[in-house]
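Structural overview for review
Given next are the chains, with one letter for each unit.
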Amino acid sequence: FSFSFLRDSQNRVRMRKLPWVLPKILWGTSPSQRDGMTRDVEMGKRISMVKTIREKAIKLTLAESQALPTAIVFVHRFLSVDSLVKFDAMDVACTALFLAAKVATCPRRLNDFVLHFFDLRKDAQMHNNKKKQIMLIERQMISALGYDFAITHPKSLFGERLEKLGLLPEVQTTLKGKAYRLLEDIYMSTILMQYPPSYIADAVLYMALHAKTSSPEDITVREDDDRLLLQKLETSRDDIMAIAADLRAFCNKYEIRSWSNVFKPPHHSRSQAPTAPPSAVSSTAQPKSSTAAGTLAAAPPDLASQAPPALTPHNASQVPPQGYPAPAYQRAPPDLTLSQHCPDPSYPQQPPVPPYPHPIAPPQAPAGPPHAAHHGATPPAPAPALAPPA
């Protein structure tokens, strides 16, 4: 957010709050478009201004400083508040770079900016008039920005996230090269005004990991690693894919060669359904399918569309829930094989219960006559019967 200080009718200073991340309702419009300029003309001028700022920053030895990305952000923020119909595009670009150089503590003389942007050396009068014009636009730009010069660039956030991943140095170098090219394309668009810098940093990191250029330097990310990466990032996968789609559409529409066209994210499998008993898995399930992202498991069967099995005397008293067959212990007695009662042949067959003698059965008496157990001794004589009482 930015705070712009204005004066009301009673000459009292009041503060206005300006959001630099525009809501969706303002994504397709701008002050320039409300003044009659078409979106294609405005975006064409913005792209030209960004390219000119990068070209002149090299000549002014500002390409490696924070003045270059700060100037581009100043341009987008200024055009979200004021109309480009009132100003010349090159005047705004020169003013933004001149102001950004002072904010980044690497100022240059205004005379150098005018010479490199307009080259009016032969006409001293026009040269002085242009300098006065730049100073006037600078005051208007500072007022439009609300004196808010603190900018969080996605590039710095990207570096912090890359260090937390703990990748190899050569992998980090490859990712930085791809990510910086993606950031160059993002700075030419209005994505900076549509998403927070943290979202853009996460999206650039994710897109750089999955950019496929048929080069040996490409990084292969497995599906499990990709899910782990998304858990570490602060931005959701839906927001990342939205940023990638907006960047690709912008580059294709305005014929910009971008690395967003080689971004190929993995196709995540669907979230698993509630776990069903083993007997609910159909034997006619589809085999595993192989995709570009790897071998993914086939989708689980639709349990709700399967008819429950016929009831047997063992499970007639307990009707299973709708869509789930009865458990195995309700469909077969423990002393018989499941193949005789289980209608699903894919269920693993169990061996029958072995008959006695069981390994833990009680010991049996040795075979032979009863007296053999007494080592040859004759059995005792039976007791005489008692006579009944008189």
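Here's a quick rundown of the structure. Within each chain, residues carry numbers counting from 1 in the order of the written sequence. With pLDDT at 70 or above as the cut-off, local features in this predicted model cover only qualifying residues; side-chain atom pairs require 80 or more to be listed or tallied, and sums for whole chains, interfaces and linings still use all residues. Only hydrogens and water are removed before side-chain values are computed, so all heavy atoms of the structure are retained for them.

What follows covers the environment of K132. With respect to the helices and strands, the residue K132 is situated in helix α6 (residues 124-145). The spatial distance from the C-alpha of K132 to the C-alpha of L110 is 9.9 Å, given a sequence separation of 22 residues. The helix and strand labels rest on DSSP assignments: H or I over at least four residues marks a helix, E over at least two residues marks a strand, and numbering proceeds from the N terminus.

This part takes up helix α7 (residues 154-165). Counted at 1.5 Å a residue, the expected span for α7 with its twelve residues is 16 Å, and the 17 Å between its end C-alpha atoms agrees. Only protein chains enter the accessibility calculation, which uses a 1.4 Å probe; a residue is then buried when its area is under 20% of its type maximum, exposed when over 50%, and partly exposed in between. Buried within α7 we find P154, L157, F158, R161 and L162. What you see down the axis of α7 is that its buried residues fit within an arc of 140 degrees, all on one side. In this structure, the buried residues of α7 make contact with α8 (169-188) and α9 (197-209). Two residues or fewer past α7, G166 is found with a positive phi of approximately 70 degrees. Each helix should span, by expectation, one fewer than its residue count multiplied by 1.5 Å. What the arc describes is the spread of directions from the helix axis to the C-beta atoms. Every residue pair with non-hydrogen atoms within 4.5 Å of one another is taken to be in contact.

In this analysis a 1.4 Å probe is tested at points of a 1 Å grid over the protein atoms alone, and where it fits but cannot get out there is a cavity; an open set with protein on both sides within 12 Å along at least five of seven lines is a pocket; lining residues have an atom within 4 Å of a point. Grid points are joined across faces, edges and corners, and a volume is the space filled by probe spheres set on the points. Each pocket or cavity is described by its volume, and for the largest pocket that value is around 530 Å³. Around the largest pocket sit 16 residues that line it, and A63, L68, P69, K155 and E184 are the ones nearest its centre. Only α2 (39-59), α3 (67-81), α7 and α8 provide two or more residues apiece to the lining of the largest pocket. Ranked by residues supplied to the lining of the largest pocket, first place goes to α8 with four residues. Note on residue categories: nonpolar means Ala, Val, Leu, Ile, Met, Phe, Trp, Tyr, Cys or Pro, charged means Asp, Glu, Lys or Arg, and polar means any other residue, Gly included. Partitioned by chemical class, the residues of the lining of the largest pocket number eight nonpolar, four polar and four charged.

On to helix α11 (residues 237-253), then. Look at α11: 24 Å from first C-alpha to last across 17 residues, which is about the 24 Å you get at 1.5 Å a residue. Those residues of α11 that fall on the buried side of the exposure criterion are I240, I243, A244, L247, F250 and C251. Along the long axis of α11, the arc covered by the buried residues comes to 130 degrees, so they all point the same way. Facing away from the buried side of α11, by more than 90 degrees, are the exposed residues D238 and K253. Contact partners of the buried residues in α11: α2, α8, α9 and α10 (223-232). Following α11 by one or two positions, E255 adopts a phi angle in the positive range, close to 55 degrees.

Put simply, a salt bridge is a Lys or Arg side-chain nitrogen that is within 4 Å of an Asp or Glu carboxyl oxygen. In total, this model carries twelve salt bridges according to the counting rule given. Residue R46 is joined to E42 by a salt bridge in which the shortest nitrogen-to-oxygen separation is 2.9 Å. With R46 and E42 both in helix α2, this residue pair falls four residues apart, about one helical turn. For the pair formed by R46 and E42, the shared burial category is buried. When the shortest N-O distance is used, the salt bridge between R227 and E223 registers 2.9 Å. Taken as a pair, R227 and E223 lie in helix α10 at a separation of four residues, close to a single helical turn. Note on R227: relative accessible area 32%, which makes it partly exposed. A relative accessible area of 14% places E223 in the buried class. Each of R161, D202 and E234 takes part in salt bridges that share partners, so that together they form one network.

None of this, on its own, says anything about what the molecule does.
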